Amino acid sequence: EYIDSRIDMINGDLERFVDAQMSDGDFAMMGKYMLYKGKRLRGVTAVLVCEALGGLPEQALTAASAVEMVQSASLVHDDVTDNDEMRRGQRSMWKQYGIQAAIMVPHIYIPNAALLTRSYGLRALMSVISAWGQVTRGQFADTPPNMPTARVEDYERILSLKTAALWEVACELGARAARRDHMVGMARKFGYNLGMAFHIYDDAADLLKARDKPWASLSNNPVPPVSLQSLRLRVGEGDIVDERAYQMAIDIGRAYLADAKQIAASFPDNPMRALLRDIGPYCCDALLREVIAEMETVSTIVDTP
């Protein structure tokens, strides 16, 4: 209920932003397409950190919207480099509007997202810009031609840039929205561990879906992303995804979840702290629940005469 209520707030704010700031009809239309749906979990976490530190949800709404714009923009670019044709239940942006639009439209929204955070101070704005640089570096490092040989240690290094950096800044902005700048370091550590866990569980969900299939089935490209190659080196044996690989990935993610929960325990003692402690396990388990439900649906269809 908490997550759904905050998602509604964030979606409303994003829609108001696009309508107010993007007067060009095409940019507004493509921007809404880019922002369509989405779990909004980074934005929700920004709001939750703010509330856990004594702030009001409205204080962090701008932060949440900014983070979600950056996240959506990064996914558009990811889809181009990963050759993914579907995103959030619809055609990915490059398939719908072409490569040029998929490259340029996110670059219209990124500076606007950064400028939104001016109300939290210069350091907040700088953190958003820095996070975008880290996300881009992470995606660059994850693209095979830029990293010819994958190593075991590349997996978590790439994830720390590509995914955790934006969760870190989401939690930082939540702390700054609550005017608890002295808590920024702790908030960022919480976000880092939550972001790492979320990405690892997302990969584990893909392994669950691909169980008993070739590792090559996890990628749309002839050469898989470097992070996937690195994960295979760490948890995989042979050419087939097995139960052992899935369980090992889950174990890696659980370690980060445990660290996030431990950090959450250091937040002020109030009702929101329990939500902060539980949001990581809830969101990560939700990824697995989605895959299990999808697999059960497919199984029912196949078994139905």
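All figures in this text were calculated on a predicted structure; none of them were measured in a lab.

*Asks:* Lay out the overall build of the protein chain in plain terms, naming residues and giving numbers.
*Replies:* Regarding its fold elements, the protein chain presents 12 helices and 2 strands. Starting at the N terminus, the α and β elements of the protein chain follow one another as α-α-α-α-β-β-α-α-α-α-α-α-α-α. Here the C-alpha atoms of the protein chain give a radius of gyration of 19 Å, agreeing with the 19 Å that 2.2 N^0.38 yields for 305 residues. Each principal axis of the C-alpha atoms in the protein chain carries an extent, and together these give about 50 × 45 × 45 Å. Within the protein chain, the proportion of its 305 residues that are buried is 52%. Within the protein chain, residue pairs in contact and separated by at least 24 positions form 75% of the contacts whose partners lie at least 6 positions apart. Here the protein chain has roughly 14,300 Å² of accessible surface; of this, 54% comes from carbon and sulfur atoms.

*Asks:* If you had to explain the nonpolar core to someone new, which residues and values would you point to?
*Replies:* One recurring pattern in soluble globular proteins is that nonpolar side chains are buried together. Among the nonpolar cores identified, the biggest contains 98 residues, and Ile3, Val49, Tyr109, Leu173, Phe190, Leu276 and Ile279 are the most heavily contacted of them. No other element matches the 13 residues that helix H9 (residues 184-209) contributes to this core. Of all hydrophobic cores here, the second largest spans 5 residues; its members include Ala141, Met147, Ala150 and Val226.

*Asks:* For the packing of aromatic side chains, give the residues involved together with the corresponding values.
*Replies:* Summed over all chains, the structure comprises 4 aromatic pairs. On the basis of an interplanar angle of 85° and a centroid distance of 5.3 Å, the ring pair of Tyr33 and Tyr97 is categorised as edge-to-face. Separated by 64 residues along the polypeptide, Tyr33 in helix H2 (residues 25-35) and Tyr97 in helix H5 (residues 93-97) bring together distant segments of the chain. Classification of Tyr97 as partly exposed rests on a relative accessible area of 25%. An angle of 65° between the planes, with centres 6.2 Å apart, marks the rings of Phe190 and Phe267 as edge-to-face. Here the residue Phe190 occupies a position in helix H9, and Phe267 occupies one in the loop between helix H11 (243-264) and helix H12 (271-303), the gap between them amounting to 77 residues.

*Asks:* I'd like a rundown of the packing of H9 against H11, residues and numbers included.
*Replies:* In the contact formed by H9 and H11, the axes pass within 8 Å of each other and the chain directions differ by 160°. Here H11 runs roughly antiparallel to H9, going by the angle between their axes. Considering only the axes of H9 and H11, their crossing is left-handed. Looking at side-chain class alone, the contact of H9 with H11 contains 21 nonpolar, 2 polar and 3 charged residues.

*Asks:* Tell me about the state of the cysteines, residues and numbers included.
*Replies:* In a disulfide, the sulfur atoms of two cysteines are held together by a covalent bond. For the structure shown, the criterion picks out 0 disulfides. Free of any disulfide, Cys171 has its nearest cysteine sulfur in Cys283, 11 Å distant. On the basis of relative accessibility, which here comes to 0%, the residue Cys171 falls in the buried class.

*Asks:* How would you explain the layout of surface pockets if you had to name every residue and give the values?
*Replies:* There is about 1,600 Å³ of room inside the largest pocket. Along the wall of the largest pocket there are 44 residues; nearest its centre are Asp84, Met86, Arg87, Asp202 and Asp206. Those elements that provide at least two residues to the lining of the largest pocket are helix H3 (41-52), helix H4 (61-82), strand E1 (86-87), helix H8 (154-177), H9, helix H10 (226-235) and H12. Lining the second largest pocket are 14 residues, with Glu1, Ile3, Ile279, Tyr282 and Cys283 positioned closest to its centre. Elements with a minimum of two residues in the lining of the second largest pocket: helix H1 (2-21) and H12. With 7 residues, the single largest contributor to the lining of the second largest pocket is H12. Of the residues assigned to the lining of the second largest pocket, the class counts are 9 nonpolar, no polar and 5 charged.

*Asks:* Tell me about H4, and name the residues and values.
*Replies:* With 22 residues, H4 should cover 32 Å at 1.5 Å per step; its first-to-last C-alpha distance of 31 Å lies within 8% of that length. Summarising burial for H4: 19 of the 22 residues are buried, a large majority. Phi turns positive, to about 60°, at Asn83, one or two residues after H4.

Definitions and limits used
- Residues numbered from 1 in each chain as written.
- Predicted model: local features only at pLDDT ≥ 70, side-chain atom pairs only at ≥ 80, totals over all residues.
- Heavy atoms only, no water.
- Helix = DSSP H or I, 4+ residues; strand = E, 2+ residues; numbered from the N terminus.
- Rg over C-alpha atoms; globule rule 2.2 N^0.38 Å.
- Buried < 20%, exposed > 50% of the residue type's maximum accessible area, 1.4 Å probe, protein only.
- Contact = heavy atoms within 4.5 Å.
- Areas by Shrake-Rupley, 256 points an atom, 1.4 Å probe, with all protein chains shown as cover.
- Core = buried A, V, L, I, M, F, W, Y, C linked by side-chain atoms within 4.5 Å.
- Phe/Tyr/Trp six-rings, centres within 6.5 Å; stacked < 30°, edge-to-face > 60°.
- Axes fitted to C-alpha atoms, helices over the stretch in contact; angles between N-to-C directions.
- Parallel < 35°, antiparallel > 145°, perpendicular 65-115°, else oblique.
- Left-handed = near helix turned anticlockwise from the far one by under 90°.
- Nonpolar A, V, L, I, M, F, W, Y, C, P; charged D, E, K, R; others polar.
- Disulfide = S-S within 2.5 Å.
- 1 Å grid on protein atoms, 1.4 Å probe; cavity = no way out; pocket = protein on both sides within 12 Å on 5 of 7 lines; lining within 4 Å.
- Points joined across faces, edges and corners; volume = space filled by probe spheres on them.
- Expected span 1.5 Å × (residues − 1).

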